[in-house]
Amino acid sequence: MAIKPEDVLRAIAGARGNAICVPTMTTSPAWRTIAPDDLSIGCVGFMGGASSLGLGLALALPKRRVVVFDGDGSLLMQLGSLATIAGAAPRNLTHLIFKNGVYHTSGAQEIPGGLTVDFVQMAKGADGQGRRLPEGVRRRRFR
Ligand SMILES: Cc1ncc(C[n+]2csc(CCOP(=O)(O)OP(=O)(O)O)c2C)c(N)n1
Ligand SMILES: [Mg+2]
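The shown structure was predicted, so the numbers you read here are calculated from the model rather than taken from an experiment. Residue indices begin from 1 for each chain and proceed along its sequence in written order. Each chain takes a letter, starting from A, and each ligand takes a number, starting from 1, following the order in which they are written. Totals for whole chains, interfaces and linings use all residues, but because this is a predicted model, local features are given only for residues with pLDDT of at least 70 and pairs of side-chain atoms are given and counted only at 80 or more.

J.: What exactly am I supposed to notice about the overall build of the chain here?
T.: Comment: elements are numbered from the N terminus, with helices defined as DSSP H or I runs of at least four residues and strands as E runs of at least two. Along the chain, the regular secondary structure elements total 6 helices and 7 strands. Sequence-ordered secondary structure for the chain, helices as α and strands as β, is β-α-β-α-α-β-α-α-β-β-β-α-β. When the 143 residues of the chain are sorted by exposure, 28% land in the buried category. Here the C-beta atoms are placed from the backbone, and a residue counts as buried if at least 20 other C-beta atoms lie within 10 Å of its own, exposed if 12 or fewer do, and partly exposed otherwise.

J.: What is the right way to read the site of ligand 1 from this model?
T.: The immediate surroundings of ligand 1 are formed by 16 residues, with Thr-26, Gly-71, Gly-73, Ser-74 and Thr-105 found nearest. Breaking the shell around ligand 1 down by element, the ones donating at least two residues are α4 (72-77) and β5 (102-103). Among the elements that make up the shell around ligand 1, the one with the highest residue count is α4 (3 residues). For each residue, a C-beta position is placed from the backbone atoms; the residue is near a molecule or strand when that point lies within 6 Å of it.

J.: What am I meant to see in the environment of Leu-82 here?
T.: With respect to the element layout, Leu-82 can be found in helix α5 (residues 80-88). With 19 C-beta atoms counted inside 10 Å, the residue Leu-82 sits in the partly exposed group. In this structure the C-alpha to C-alpha distance between Leu-82 and Phe-119, which are 37 residues apart in sequence, comes to 9.7 Å.

J.: For this particular structure, what's the right way to read the pairing of strand β3 (residues 66-71)?
T.: Look at any regular strand and the pattern is simple: side chains alternate between the two faces of the sheet. Counting buried positions along β3 yields 6 of 6 residues, so the element is predominantly enclosed. Burial along β3 is two-sided: Val-66, Val-68 and Asp-70 and Val-67, Phe-69 and Gly-71, pointing in opposite directions, are all buried. Note on pairing: DSSP must find at least two bridges between two strands before they are called paired. With 6 bridges joining them, β3 and strand β4 (residues 93-98) adopt parallel strand pairing. Within β4, the position partnered with Phe-69 by the bridge is Leu-96.

J.: Can you walk me through the nonpolar core in this structure?
T.: Here is a general trend for soluble globular proteins: nonpolar side chains tend to be buried in one another's company. Joined through C-beta atoms within 7 Å, a set of buried Ala, Val, Leu, Ile, Met, Phe, Trp, Tyr and Cys residues constitutes a nonpolar core. Ranked by size, the top nonpolar core spans 19 residues in total, and within it Val-22, Val-66, Val-67, Val-68, Phe-69 and Leu-96 carry the most contacts. Elements that contribute at least two residues to this core include exactly α1 (5-15), β2 (20-23), α3 (50-60), β3 and β4. Leaving out residues up to four positions away in the same chain, Val-67 has contacts with Ile-12, Arg-16, Ala-19, Cys-21, Thr-94 and Leu-96. It is the C-beta atoms, placed from the backbone, that decide contacts: two residues are in contact if theirs lie within 7 Å.

Written out as structure tokens, the structure is:
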């Protein structure tokens, strides 16, 4: 079932507490409207950089939860960040992928593999120690 990114963002806004959020691409303008506070660091222009930006914040502020709202095309562009994150294993970082199968922001061109890319498997593969992903990890499609 496809759900709207705004619906997910509203749910996050209600539950984030004082977590620092790092939106990018589709979620950037939507998040500015939904959560117009100073606890967010938008990753605009720096395509693929949100996960690394979030990792840096999480490592620098270990007592603070950091939530990255990544694009699927953006993550594909910097896929190595999954291995970097797995290696650092920060417990306070949550990496969400807004999977819509396209580069929506630049005109909705299909990303390589479209909706078939399995980011959960990729994240598991990046963790050579085979740690289990949190129970809450779900595959949901966005439109
Ligand atoms: C290095 C680089 N290449 C291309 C672009 C142009 N560009 C801007 S947004 C975007 C699409 C982003 O797609 P995705 O990460 O899937 O996010 P969505 O828009 O689908 O939410 C592209 C290709 C860019 N900003 N940087
Ligand atoms: Mg996309």
